[in-house]
Amino acid sequence: MALIFDPHAAELLGYDLHLPAVSAEAWTREALVHRFLQPPVWTPEVRVDRALPVQGSTPAAVLIPLVMRPQPTVLLTQRTSHLSKHAGQISFPGGRSEPDDGSPEVTALREAQEETGLAPDRVRVLGQMPTYTTITGFLVTPVVGLITPLAHEQQGLALQPDPGEVAEAFEVPLDFLMNPQHHQRRAFTVGDRQAEFFAMPWTAPGRAEPYFIWGATAAMLRNLYRFLAA
């Protein structure tokens, strides 16, 4: 589905400055493992794209890869510009479930390997987040997993992105994404209604333009924030 608006130009409604950032103690390896083993009572904030009515519910899964550096990061990808869906957008590795996958975890790990070259045995799966329904009709299960960088991967994971799907794989600091002061609320008008979405633009050191993280990816990160902050 082609975009019907420019998300960069959508009206900026504001930031959630009243919400606290997630404490660094919450994303140590031990704390993350414990959080998924004994999850708190919490409510996901966004379960469906707010932009337009959604049709269909094709099962899919994405991997939310937490790279366990001294300052943890989240691995994201930028899609290539020629794809028919989500072209050029920032996303988690993932995609449509296949009949023989058997579980969202298998789908997420398979897709991550196909898209980025990340071997499944490098991911310690912690668990699943609540499903999210996209505007393109996918019922997405986010699967959270930990990745331990190898000695030679201090400047980035040694990945081999599929050039047919992924233009770039990059890491964003987890403390940036888990701070609502960086969560933009934006809106655009469709017919006679206003549709809202989250955006989390992040500028990498030495890069002039920010990575514009928005839509389903930003919504699932917002739900991760709610989960870790609960």
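Structure shown above.
The text that follows walks through the structure, step by step, so that each part is easy to find. (Residues numbered from 1 in each chain as written. Predicted model: local features only at pLDDT ≥ 70, side-chain atom pairs only at ≥ 80, totals over all residues. Heavy atoms only, no water.)

Considerations on the overall build of the protein
A count of helices and strands for the protein gives four helices and 11 strands. In terms of C-alpha radius of gyration, the protein reaches 17 Å, essentially the compact-globule figure of 17 Å for 230 residues. Considered along the principal axes of its C-alpha atoms, the protein spans approximately 50 × 40 × 40 Å. Here the protein holds 230 residues, and the buried ones make up 50% of them. A total of about 10,900 Å² of accessible surface is found on the protein, and carbon and sulfur atoms cover 53% of it. Separation of charge centres in the protein, based on 17 positive and 24 negative side chains, amounts to 4 Å. (Helix = DSSP H or I, 4+ residues; strand = E, 2+ residues; numbered from the N terminus. Rg over C-alpha atoms; globule rule 2.2 N^0.38 Å. Buried < 20%, exposed > 50% of the residue type's maximum accessible area, 1.4 Å probe, protein only. Areas by Shrake-Rupley, 256 points an atom, 1.4 Å probe, with all protein chains shown as cover. Lys, Arg positive; Asp, Glu negative; His and termini not counted. Charge placed at Lys NZ, Arg CZ, Asp CG, Glu CD.)

What about the environment of Gly-145?
Summarising the element assignment, Gly-145 is placed in strand 8 (residues 138-147). According to the relative accessible area criterion, Gly-145 is buried, its value standing at 0%. Residues Gly-145 and Val-74, spaced 71 residues apart in sequence, show a C-alpha to C-alpha distance of 10 Å. The residues touching Gly-145, leaving out its near neighbours within four places in the chain, are Leu-63, Ile-64, Pro-65, Leu-66, Val-123, Arg-124, Val-125 and Leu-126. (Contact = heavy atoms within 4.5 Å.)

A closer look at the environment of Trp-202
As for its position among the elements, Trp-202 is in the loop between strand 11 (193-199) and helix 4 (215-229). For Trp-202, a relative accessible area of 10% gives the class buried. Leave out the neighbours within four places in its chain, and Trp-202 touches Phe-170, Glu-171, Val-172, Pro-173, Phe-176, Pro-210 and Tyr-211.

Let's talk about the side chain of Gln-184
Positionally, Gln-184 belongs in strand 10 (residues 184-190). At 3.1 Å, the side chain of Gln-184 and the side chain of Tyr-15 are in polar contact. Separated by 2.6 Å, the side chains of Gln-184 and Arg-186 make a polar contact. Look past the residues within four positions of Gln-184 in its chain and what remains in contact with it is Leu-12, Gly-14, Tyr-15, Phe-197, Phe-198, Ala-199, Pro-201 and Phe-212. (Polar contact = N/O pair within 3.5 Å; in protein donor to acceptor, adjacent residues only side chain to side chain.)

Examining the pattern of salt bridges
A full pass over the atoms with the stated rule returns 12 salt bridges. The residue Glu-114 makes a salt bridge to Arg-110 at a minimum N-O spacing of 3.3 Å. Here the residue Glu-114 and the residue Arg-110 both occupy positions in helix 2 (residues 104-116), the gap between them amounting to four residues, near one helical turn. Several salt bridges share partner residues, and in doing so they unite Asp-16, Glu-45, Arg-185, Arg-222 and Arg-226 into one network. (Salt bridge = Lys/Arg side-chain N within 4 Å of Asp/Glu carboxyl O.)

What to know about the packing of aromatic side chains
Summed over the entire model, instances satisfying the criterion amount to six aromatic pairs. Consider the rings of Phe-188 and Phe-197, whose centres lie 6.2 Å apart with planes at 50°: the pair is tilted. The class of Phe-188 is buried, set by a relative accessible area of 10%. Phe-197 gets classed as buried once you look at its relative accessible area, which sits at 8%. (Phe/Tyr/Trp six-rings, centres within 6.5 Å; stacked < 30°, edge-to-face > 60°.)

Focus on the sheet that holds strand 11
The strand order 1-10-11 describes an open sheet built from three strands, whose pairing is antiparallel. Either end of the sheet is taken by a strand with one partner, and the two such strands are strand 1 (11-15) and strand 11. Strand-to-strand twist in this sheet, taken as the mean axis angle between neighbours without regard to direction, amounts to 30°. Looking at chain direction, strand 1 and strand 10 are connected through four bridges and run antiparallel. Across the sheet, Gly-14 pairs through a bridge with Arg-185, a residue of strand 10. Contacting strand 10 and strand 11, helix 4 crosses the sheet at an angle of about 65° to strand 11. (Pairing = 2+ DSSP bridges. Axes fitted to C-alpha atoms, helices over the stretch in contact; angles between N-to-C directions.)

Points about the nonpolar core
Among the nonpolar cores identified, the biggest contains 46 residues, and Leu-66, Leu-177, Met-178 and Ile-213 are the most heavily contacted of them. Considering every element that reaches this core, the biggest residue donor is helix 4, with nine residues. Within the second largest apolar cluster, 13 residues are counted, among which are Leu-63, Val-67, Leu-75 and Leu-159. (Core = buried A, V, L, I, M, F, W, Y, C linked by side-chain atoms within 4.5 Å.)

As for the environment of Gln-194
With respect to the helices, strands and loops of the structure, Gln-194 is situated in strand 11. The exposure class assigned to Gln-194 is partly exposed, which follows from its relative accessible area of 44%. In this structure the C-alpha to C-alpha distance between Gln-194 and Met-220, which are 26 residues apart in sequence, comes to 21 Å. Not counting chain neighbours up to four residues away, the residues in contact with Gln-194 comprise Glu-11, Ala-187, Phe-188 and Thr-189.

By themselves, these observations are geometric and do not establish any function.
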